[in-house]
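Below, each chain spelled out in residue letters.
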Amino acid sequence: MNTFEKLNLSMPLRDAIADLGFEKPTPIQSESFSVILSGRDVVGIAQTGTGKTLAYVVPLLRDLNYSKHDNPTILILVPTRELVKQVVENIESLAKYQTLRVLGVYGGTNINTQKQAVIEGMDILVATPGRLYDLAVSKALLLKDVKKLVIDEVDVMLDQGFRFQLANIFDLLPKRRQNIMFSATMTEEVDMLIDEFFVSPERISIAVSGTPLHNIAQQCYAVPNFYTKVNLLKNLLNDKNEFRKVLVFVSNKKGADRLYSELESEFKTGVCLVHSNKSQNYRFKSIQQFDDGISRVIVSTDIMARGLDLDKITHVINFDTPVFPENYMHRIGRTGRAEQEGKSILFYTPKEEDWKEAIEKLMSYTIPLMTLPEDVEISEKLLHEESNKMPEIRQRDSVDVNAGGAFHEKKEKNKKVNLGGSYKRDIAKKYKKPRTKGDKNYNKGKKRK
Ligand code: AMP
């Protein structure tokens, strides 16, 4: 029997878990509890949706002695504000019968309000690295009592360029501490970080990156171009009984904006959007709308969706095919969460076919190909980049495209210097004259009006 009872948890924790309706630990939870309780450094590789937050929160709470310290004894670092909120909520619901104080801090909000909250004291601090560092250097926050450090979604954090922030934070922490790290993918950067800062960690790995969750039914459609993809998506979404809670993935923010405006004209508030260029308020509002069921569909980029606790998604739609096959694994992991049934649909153009094949190779599974419904209009209209014969440059849209590729891809990527900038330079070089002239004409035209 695989129940929480076997884990020798305290009554308050058992009651809180029972209130949440969880009957047995997920595999990552069964694996993690004893290792984390042993006090050793731990590295866990787990996809989102496997219950990894509870996997580290429960043993930490079981071990936490209520102390009179005002400084945190447990520090949890996560990459996004959304994840701070989510982890704090998880802790609060698990600790509802315990006396402890948990605080979440993140950037983009008034630091003075947070300083005040920090001064009031806490046992557990959940933070994004940037804001944590600012609070620590301003001396509002003392990290000298931290006994346990958790770094969650470390692959995302490293992709966001927090490598140095992390190293700086480690310098401020006591040398004697337990390090616990969770990552959805193992990348070269993650491995280097472990080598440098961890002491012979115990590695726990449940679902290997290429193992699809068994309870997710996958399908794919071959579609010639963007506008036909839009027609197909609208066609599918018109079936309201089937497509009840849909997460649509787009690899970059520009593409997400473009798709959203296409869908919004037809579905109005039935669709919402979330990506990292949107203000925090906008993002919270979108997520709320989706959670409340006002919006049936949320359009998101990879990195944004990874930090969200989106419950009971019926369908994940891969509006484009991820360049890195592992991103596909993360995407589909957003449905079929914690043993529920989920469905995933992938759209791919001829240009994206190689990427689809790479995904299939990683999974050792051929995604069943569906026939395009007859009433879906094949659009002749092409996007600028679809008609343009310029060499294909992978768009590096901040951190979205690049959530932890496999080793060989990382190395390949590292050879390229500043992809985004060089793309602009290439265009500038190629179109220098006409572009300048065009700009002038454009401006003249404007003045004449
Ligand atoms: P996570 O991987 O931490 O994002 O968790 C994924 C989802 O699974 C969350 O909505 C949790 O509330 C839920 N969950 C966590 N542990 C369990 C469990 N033992 N049984 C059922 N659901 C769980």
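Residues numbered from 1 in each chain as written. Predicted model: local features only at pLDDT ≥ 70, side-chain atom pairs only at ≥ 80, totals over all residues. Heavy atoms only, no water.

*Asks:* Go over the overall build of the protein chain, please, and point to the residues and values.
*Replies:* Secondary structure assignment for the protein chain yields 19 helices and 14 strands. Across the 449 residues in the protein chain, those meeting the buried criterion constitute 53%. A total accessible area of about 21600 Å² is found for the protein chain, and carbon and sulfur atoms account for 51% of it. (Helix = DSSP H or I, 4+ residues; strand = E, 2+ residues; numbered from the N terminus. Buried < 20%, exposed > 50% of the residue type's maximum accessible area, 1.4 Å probe, protein only. Areas by Shrake-Rupley, 256 points an atom, 1.4 Å probe, with all protein chains shown as cover.)

*Asks:* Could you give an account of the environment of serine 200, with specific residues and numbers?
*Replies:* Relative to the helices and strands, serine 200 is located in the loop between helix 9 (188-197) and strand 7 (202-205). For serine 200, a relative accessible area of 55% translates into the label exposed. The sequence separation of serine 200 and aspartate 41 amounts to 159 residues, and the corresponding C-alpha distance is 6.9 Å.

*Asks:* If you had to explain the packing of aromatic side chains to someone new, which residues and values would you point to?
*Replies:* Tallied over the full model, the rule gives 6 aromatic pairs. Among the aromatic residues, those joined into a ring-pair cluster are Tyr221, Phe226, Tyr227, Phe319 and Phe347. Geometry around phenylalanine 319 places lysine 229 over its ring, the cationic atom sitting 5.5 Å from the centre. Just above the ring of tyrosine 282 sits the side chain of lysine 278; from NZ or CZ to the centre is 4.9 Å. (Phe/Tyr/Trp six-rings, centres within 6.5 Å; stacked < 30°, edge-to-face > 60°. Lys NZ or Arg CZ within 6 Å of the ring centre and 35° of its normal.)

*Asks:* Describe the side chain of arginine 163, with residues and values.
*Replies:* Within the element layout of this structure, arginine 163 appears in helix 8 (residues 163-172). Other than its neighbours up to four places away in sequence, arginine 163 contacts Leu158, Leu193, Glu196 and Phe197. (Contact = heavy atoms within 4.5 Å.)

*Asks:* Go over the site of the ligand, please, and point to the residues and values.
*Replies:* As a matter of local geometry, the ligand sits amid 15 residues, with Lys24, Gln29, Gly49, Gly51 and Thr53 nearest to it. Interatomic distance of 2.8 Å between a side-chain N/O atom of glutamine 29 and a nitrogen atom of the ligand. In this structure, an oxygen atom belonging to the ligand sits 2.6 Å away from a side-chain N or O atom of threonine 53. For the ligand, whose accessible area on its own is 500 Å², the fraction buried by protein is 84%. Class assignment for the residues of the shell around the ligand results in 4 nonpolar, 7 polar and 4 charged. Here the shell around the ligand spans two domains, since at least three of its residues come from each of domain 1 (4-206) and domain 2 (216-378). (Near = heavy atom within 4 Å. Polar contact = N/O pair within 3.5 Å; in protein donor to acceptor, adjacent residues only side chain to side chain. Nonpolar A, V, L, I, M, F, W, Y, C, P; charged D, E, K, R; others polar. Domains from an automatic or database assignment.)

*Asks:* How would you sum up the sheet that holds strand 11 (residues 297-300)? Please name residues and give values.
*Replies:* What the 7 strands build is an open sheet, ordered 10-11-9-12-13-8-14; its pairing is parallel. On the outer flanks of this sheet lie strand 10 (271-274) and strand 14 (369-370), each paired with one strand and no other. Looking at chain direction, strand 9 (residues 246-249) and strand 11 are connected through 4 bridges and run parallel. By the bridge assignment, phenylalanine 249 is partnered in strand 11 with serine 300. Those strands touched by helix 12 (residues 280-291) are strand 9, strand 10 and strand 11, and its axis lies near 140 degrees from that of strand 10. (Pairing = 2+ DSSP bridges. Axes fitted to C-alpha atoms, helices over the stretch in contact; angles between N-to-C directions.)

*Asks:* Requested: an account of the packing of helix 3 (residues 52-63) against helix 4 (residues 81-94), with residues and values cited.
*Replies:* The interhelical angle for the contact between helix 3 and helix 4, taken along N-to-C directions, is 45 degrees, at an axis separation of 10 Å. If you check the angle between helix 3 and helix 4, you find them oblique. Helix 4 is crossed by helix 3, and the crossing has right-handed handedness. The segment helix 3 lies against helix 4, with Thr53, Leu54, Tyr56, Val57, Val58 and Leu61 engaging Val87, Asn90, Ile91 and Leu94. Within the contact of helix 3 with helix 4, the residues separate by chemical class into 8 nonpolar, 2 polar and no charged. (Parallel < 35°, antiparallel > 145°, perpendicular 65-115°, else oblique. Left-handed = near helix turned anticlockwise from the far one by under 90°.)

*Asks:* Outline the pattern of salt bridges, supporting the account with residue identities and numerical values.
*Replies:* All told, the structure shown has 18 salt bridges when counted by the stated rule. Across the salt bridge formed by arginine 101 and aspartate 70, the nearest N and O atoms sit 3.6 Å from each other. On the criterion of sequence distance, the pair formed by arginine 101 in the loop between helix 4 and strand 3 (102-105) and aspartate 70 in the loop between helix 3 and strand 2 (74-77) is long-range, its members being 31 residues apart. Classification of arginine 101 as partly exposed rests on a relative accessible area of 25%. Aspartate 70 sits in the partly exposed class, given a relative accessible area of 41%. For glutamate 352, the salt bridge identified is with lysine 229, shortest N-O distance 2.8 Å. Linking glutamate 352 in the loop between strand 13 (342-348) and helix 15 (353-363) with lysine 229 in helix 10 (residues 226-237), this pair joins segments that are 123 residues apart in sequence. For glutamate 352, a relative accessible area of 7% corresponds to the buried category. For lysine 229, a relative accessible area of 4% corresponds to the buried category. Beyond isolated ion pairs, a larger network of salt bridges with shared partners links Lys52, Asp152 and Glu153. (Salt bridge = Lys/Arg side-chain N within 4 Å of Asp/Glu carboxyl O.)

*Asks:* Which residues make up the nonpolar core, and what values go with them?
*Replies:* Of all hydrophobic cores here, the largest spans 37 residues; its most connected members are Tyr56, Leu61, Ile76, Ile91, Ile124 and Val126. For this core, the elements supplying multiple residues, two or more each, are helix 1 (11-20), helix 2 (27-37), helix 3, strand 2, helix 4, strand 4 (124-127) and strand 6 (178-183). Looking at which element gives the most residues to this core, the answer is helix 3, with 7 residues. Isoleucine 124 has contacts with Leu61, Leu64, Ile74, Ile76, Ile91, Leu100, Arg101, Val102 and Leu103, leaving out every residue within four places of it along the chain. Val105, Leu143, Ile151 and Ala167 belong to the second largest nonpolar core, which has 33 residues in total. (Core = buried A, V, L, I, M, F, W, Y, C linked by side-chain atoms within 4.5 Å.)

*Asks:* Tell me about the confidence of the model for the protein chain, and name the residues and values.
*Replies:* Do not read the predicted coordinates in detail wherever pLDDT is low. Mean pLDDT over the protein chain stands at 82; residues scoring 70 or higher make up 80%. Under a pLDDT of 50 for its full length, residues 390-449 has, in the predicted model, 70 contacts with residues more than four places off or in other chains. (pLDDT = per-residue confidence, 0-100.)

*Asks:* Account for unusual backbone geometry, naming residues and giving values.
*Replies:* The phi torsion at glutamate 153 lies on the positive side, around 50 degrees, for a residue other than glycine. Tracing the sequence through the fold places glutamate 153 in the loop between strand 5 (148-151) and helix 7 (154-159). Phi is positive for lysine 268, which is not a glycine, with a value near 50 degrees. Given the relative accessible area of 54%, lysine 268 is considered exposed.

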